[in-house]
Amino acid sequence: MKKVLVFLMMAIMACSMMLAGCGGSKEEKKAEPAKVLRVGTEPAFAPFEFPKEGSKELTGFDIELVQAIGKQMGAKVEISGMGFDALIPALNAGNIDVAIAGMTITDERKKAVSFSDPYYTSGLIVMVKKDNTAVKSINDLKGKRIAAQIGTTGEMKARTVEGAKVTTFNTQDEAALELKNGGVDAVIGDLPVMEYYLAKGGSQFAMTVGEKMEAEQYGIAAKKGSKLVEDINKAMAELKKNGEFDKIYKKWFGEAK
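Parameters at a glance
- Residues numbered from 1 in each chain as written.
- Predicted model: local features only at pLDDT ≥ 70, side-chain atom pairs only at ≥ 80, totals over all residues.
- Heavy atoms only, no water.
- 1 Å grid on protein atoms, 1.4 Å probe; cavity = no way out; pocket = protein on both sides within 12 Å on 5 of 7 lines; lining within 4 Å.
- Points joined across faces, edges and corners; volume = space filled by probe spheres on them.
- Nonpolar A, V, L, I, M, F, W, Y, C, P; charged D, E, K, R; others polar.
- Pairing = 2+ DSSP bridges.
- Helix = DSSP H or I, 4+ residues; strand = E, 2+ residues; numbered from the N terminus.
- Contact = heavy atoms within 4.5 Å.
- Axes fitted to C-alpha atoms, helices over the stretch in contact; angles between N-to-C directions.
- Buried < 20%, exposed > 50% of the residue type's maximum accessible area, 1.4 Å probe, protein only.
- Arc of directions from axis to C-beta.
- Core = buried A, V, L, I, M, F, W, Y, C linked by side-chain atoms within 4.5 Å.

A. The arrangement of empty space enclosed by the protein in detail. In this structure the tally under the stated criterion is one cavity of 30 Å³ or more. Of the volumes computed, that of the largest cavity is approximately 50 Å³. Looking at the largest cavity, the residues that line it are Phe45, Phe84, Gly102, Met103, Thr104, Arg109, Thr152, Thr153, Asp190 and Glu216. Here the residues of the lining of the largest cavity are counted per class, giving three nonpolar, four polar and three charged.

So, in structure tokens, the structure goes:
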């Protein structure tokens with residue numbers, strides 16, 4: 001009888017210890033880490049992405065849009081700057097989750113990455129020096145020297161010009177500087193970027209000529225087949241529905257989308 005009582009007491013104590021242990025593990029359970037959205041961009045493409053004055057922190061339409069998308073998804077946004085031509089390799093290497101950098105959705109790029117729904121419609125334009133009266137459109141650039149940002153649709157368009165010598169630069173600002181210094185006859189690039197450049201002082205020496213070419217749609221790129229594209233599209237649709245997208249668009253372009 002004593003043995004039975006001792007056994008029962010030991011069993012009760014063991015159960016108590018197990019319950020206490022379970023309670024302790026519940027209290028010690030750590031909260032899950034916050035979801036992080038690693039974003040790559042080319043930080044010299046105003047007004048879409050560029051450093052704030054006197055700071056390394058980036059601002060611009062793309063930056064505010066992707067931050068709003070991340071917030072809608074419940075993710076912390078971490079932004080890394082790199083060359084435009086390094087964005088797709090970085091996606092495929094898994095170094096970043098998405099890329100937003102005024103990237104035009106093209107059939108060629110869709111072979112390498114997946115794109116979100118379009119978020120901005122742009123186009124290409126030719127920029128020349130103000131004293132250049134010979135160039136009135138892209139048709140006048142045959143055999144001329146053209147600058148463009150490397151890896152962009154501006155470069156692709158420039159290379160279709162018969163006999164043109166095309167020089168590429170890491171940023172559109174560098175291409176514009178080459179024009180200013182007389183190293184090229186024209187720059188081909190994205191219309192909103194050119195307009196912003198001229199508005200910020202470039203109009204002192206340069207101007208755009210001809211009509212806007214090739215309506216282009218910008219998209220957010222992700223690794224081929226990534227589920228993130230679906231999540232981004234849902235978040236962007238909600239931002240358009242609640243008015244946040246229009247608010248950001250109007251801030252940078254002066255009117256609602």
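B. Structural context of the sheet that holds strand β6 (residues 113–115). Across the sheet, five strands lie side by side as β4-β1-β5-β12-β6; this open sheet has mixed pairing. Two strands lie at the open edges of the sheet, namely β4 (75–81) and β6, each paired on one side alone. Direction of pairing for β6 relative to strand β12 (residues 221–223): antiparallel, over a ladder of three bridges. Residue Val113 lies in a different strand from β12, and its bridge partner there is Lys223. Each of β1 (35–41) and β4 touches helix α2 (residues 61–73); the most contacted strand, β4, lies at about 150° to it.

C. Up close: unusual backbone geometry. In the segment running from Ala46 into Pro47, the intervening peptide bond is cis, with an omega of 10°. By secondary structure assignment, the location of Pro47 is in the loop between β1 and β2 (50–51). Phi at Glu214 takes a positive value of approximately 50°, unusual for a residue other than glycine. Here Glu214 is to be found in strand β11 (residues 206–218). Residue Glu214 is classed as partly exposed on the basis of its relative accessible area, which comes to 44%.

D. How the structure looks around the sheet that holds β11. Across the sheet, five strands lie side by side as β9-β8-β10-β7-β11; this open sheet has mixed pairing. Each edge of the open sheet is held by one strand with a lone partner, namely β9 (165–169) and β11. Taken pair by pair, the neighbouring strands of this sheet meet at an average axis angle of 25°, ignoring direction. As paired strands, strand β8 (residues 145–149) and β9 are joined by five bridges and run parallel to one another. Its bridge partner being in β9, Gln149 is matched across the sheet by Phe169. Sitting on the sheet, helix α6 (residues 172–180) touches β7 (120–129), β8, β9, β10 (186–190) and β11, and the angle it makes with β10 is about 160°.

E. Representation of helix α7 (residues 191–199). What α7 keeps buried is the set Leu191, Pro192, Val193, Met194 and Leu198. Downstream of α7 by a residue or two, Gly201 has a phi angle that is positive, lying close to 125°.

F. Helix α9 (residues 244–253), seen in detail. Taken together, the buried positions of α9 are Phe245, Ile248, Tyr249, Trp252 and Phe253. Along α9, the residues classed as buried sweep out an arc of 105° about the axis, all on the same side. Turned more than 90 degrees from where α9 packs its buried face, Lys247, Lys250 and Lys251 sit exposed. Buried residues along α9 sit in contact with β2, β3 (58–59), α2, β7 and α8 (228–242).

G. Inspection of the nonpolar core at higher detail. Formed by 32 residues in total, the largest nonpolar core has its most connected members in Phe48, Phe61, Leu65, Ile69, Val98, Tyr119 and Tyr120. Mapped by element, the contributors of at least two residues to this core are β1, α2, α8 and α9. Not counting residues within four places of it along the chain, the set of residues in contact with Ile69 comprises Ile220, Ile232, Ala235, Met236 and Leu239.

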